[in-house]
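Examining the three-dimensional arrangement
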Amino acid sequence: MSMLTPPGMGGKYRVTGTAYPRMSRKRSRRRIVLAVLGSVLALALVGYGALQLIDVFRGDGPKRNTAAGAKDCPTKSPEAAAKGGAPAAASTASAPAKPAVVLPQPGTITVNVYNATPRAGLAKAVGDELAKRGFLIGTVGNAPADFDKKVPGTGILLGSPTTDKAVFAVLGTQLPGTTQQTDTRETADVDLILGDAFTELSTKEDADKALALLANPAPAPAKNC
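Residues numbered from 1 in each chain as written. Predicted model: local features only at pLDDT ≥ 70, side-chain atom pairs only at ≥ 80, totals over all residues. Heavy atoms only, no water.

**A look at the nonpolar core**
Side chains of a nonpolar character, in soluble globular proteins, are inclined to be buried together. Under the convention used in this document: Definition used in this section: a nonpolar core is a set of buried Ala, Val, Leu, Ile, Met, Phe, Trp, Tyr and Cys residues joined via side-chain atoms within 4.5 Å. Buried residues are those whose accessible area, probed at 1.4 Å on protein chains only, stays under 20% of the maximum for their type, while exposed residues exceed 50% and partly exposed ones sit between those limits. Runs of H or I in DSSP of at least four residues are treated as helices and runs of E of at least two as strands, each being numbered from the N terminus.
In this structure, Val 111, Val 126, Leu 130, Leu 192 and Leu 194 are the most contacted members of the largest nonpolar core, which totals 23 residues. Only strand S1 (110–115), helix H4 (122–132), helix H5 (165–172), strand S5 (190–194) and helix H6 (204–215) provide two or more residues apiece to this core. Among the elements that line this core, the one with the most residues is H5, at 5 residues. Membership of the second largest hydrophobic core comes to 8 residues, among which are Tyr 114, Ala 116, Phe 147 and Leu 158.

Below, the structure written as structure tokens:
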């Protein structure tokens with residue numbers, strides 16, 4: 001047996017020259033399968049990420065679709081959509097106009113005009129002008145002690161607790177900026193107490209426009225679709 005013969009081979013294999021038998025280890029089939037699965041999973045993740053980026057740049061996705069359908073706008077009926085017509089009658093472009101409000105006429109409102117300022121003759125001048133505009137004028141003179149020289153604003157409308165708010169509103173169109181108060185009276189007349197900030201009544205044209213707006217409130221604005 002040669003010195004170059006590997007031990008344990010019983011002389012069956014003889015090594016000659018410089019060539020030696022090499023013992024290679026068998027590759028694990030399990031390791032190969034895991035490596036293939038890992039590669040497939042990595043490729044799938046890369047592909048999914050690329051699709052998400054494309055959706056973001058194109059603006060597609062559930063959020064965009066939800067935002068597009070969020071507006072409560074008029075929609076076409078199936079028949080109108082097929083013909084390319086206008087929206088269905090159930091969906092209107094604007095809210096219906098409010099019904100006209102019945103306001104008390106100036107001729108049914110009795111006004112007492114009081115001057116709480118140091119300016120002489122102010123109550124009479126205002127009373128005369130209100131009379132020209134159709135109001136009934138009651139007492140005209142200086143304000144009671146509780147209000148005399150104590151009204152810094154434009155004026156005060158003073159009535160009973162049962163006075164209709166519409167009465168205050170109609171009289172207020174003649175003198176914007178007044179405040180409203182009540183006392184213990186049981187009559188239907190209303191006091192107009194002129195304050196230090198008063199300059200003059202509204203022009204009849206402006207007062208008439210304000211009355212028209214009270215009687216015919218503007219409809220709610222249409223939705224901007």
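Text resumes after the structure shown.
**Quick word on the pattern of salt bridges**
Short version of the rule: What makes a salt bridge here is a side-chain nitrogen of Lys or Arg within 4 Å of a carboxyl oxygen of Asp or Glu, nothing more.
Counted under the stated rule, the structure contains 8 salt bridges. Among the salt bridges present, the one from Asp 191 reaches Arg 185, with a minimum N-O distance of 2.5 Å. Classification of Asp 191 as buried rests on a relative accessible area of 8%. Salt bridges here are not isolated pairs; linked through shared partners, they connect Asp 183, Arg 185, Asp 189 and Asp 191.

**Quick look at the pairing of S1**
Which entries qualify depends on this criterion: DSSP bridges decide pairing: two strands pair if at least two such bridges lie between them. Throughout, right-handed denotes a crossover for which the path from the first strand over the helix to the second runs clockwise when the strands point away from the viewer.
Of all 6 residues in S1, 5 are buried, a share of seventy percent or more. Judged from the 5 bridges that link them, S1 and strand S2 (residues 136–142) form a sheet pairing that is parallel. Each residue of the ladder has a partner; that of Thr 110, found in S2, is Leu 136. At this point the chain moves from S1, through H4, to the parallel S2, and the crossover so formed is right-handed. Of the pairings in the sheet, the one linking S1 to S5 comprises 5 bridges and is parallel in character. Note that in S5 the partner of Tyr 114 across the bridge is Ile 193.

**Description of H5**
This is how it is decided: Whether two residues are in contact is decided by their heavy atoms: any pair within 4.5 Å suffices. In the analysis that follows, any N or O atom pair within 3.5 Å is treated as a polar contact, provided that within protein one partner can donate a hydrogen and the other can accept it, and provided that, for residues neighboring in sequence, both atoms belong to side chains.
Where burial is concerned, most of H5 is hidden: 6 out of the 8 residues are buried. Taken as a whole, H5 has its buried residues at Ala 166, Val 167, Phe 168, Val 170, Leu 171 and Gly 172. Here the buried face of H5 lies against S1, strand S3 (155–159), strand S4 (179–182), S5 and H6. In this structure Asp 164 caps H5, since a side-chain oxygen of it lies 3.0 Å from the backbone nitrogen of Ala 166.

**A look at the sheet that holds S2**
The criterion, for reference: Angles here are taken between N-to-C directions and fall from 0 to 180 degrees, while the axes themselves are lines fitted to C-alpha atoms, restricted in helices to the stretch in contact.
Ordered by their spatial adjacency, 5 strands build an open sheet running S2-S1-S5-S3-S4, and the pairing between neighbours is mixed. Two strands bound the open sheet, and with one partner strand each, they are S2 and S4. Averaged over all neighbouring strand pairs, the angle between strand axes comes to 20 degrees, with direction disregarded. Of the strand pairs in this sheet, S3 and S4 are connected by 4 bridges, and their pairing is parallel. Bridging from a neighbouring strand, Gly 159 pairs with Thr 182 of S4. Each of S1, S2 and S5 touches H4; the most contacted strand, S1, lies at about 155 degrees to it.

**Describing unusual backbone geometry**
Backbone geometry places Lys 149, a non-glycine residue, at a positive phi of 60 degrees. Tracing the backbone through its elements, the reader meets Lys 149 in the loop between S2 and S3. By relative accessible area, Lys 149 is classed as partly exposed at 47%.

**Regarding the side chain of Thr 154**
By the element assignment, Thr 154 lies in the loop between S2 and S3. Classification of Thr 154 as buried rests on a relative accessible area of 19%. Residues within four places of Thr 154 in sequence aside, it is in contact with Leu 175, Pro 176, Gly 177, Ile 193, Leu 194, Gly 195, Ala 197 and Phe 198.

**Describing the pairing of S5**
Most of S5 is tucked away: 5 of the 5 residues are buried. Neither face of S5 is left uncovered, since the one carrying Val 190, Leu 192 and Leu 194 and the one carrying Asp 191 and Ile 193 both have all their residues buried. Alignment of S3 against S5, held across 4 bridges, turns out to be antiparallel. Note on S5: the bridge partner recorded for Ile 156 is Ile 193.

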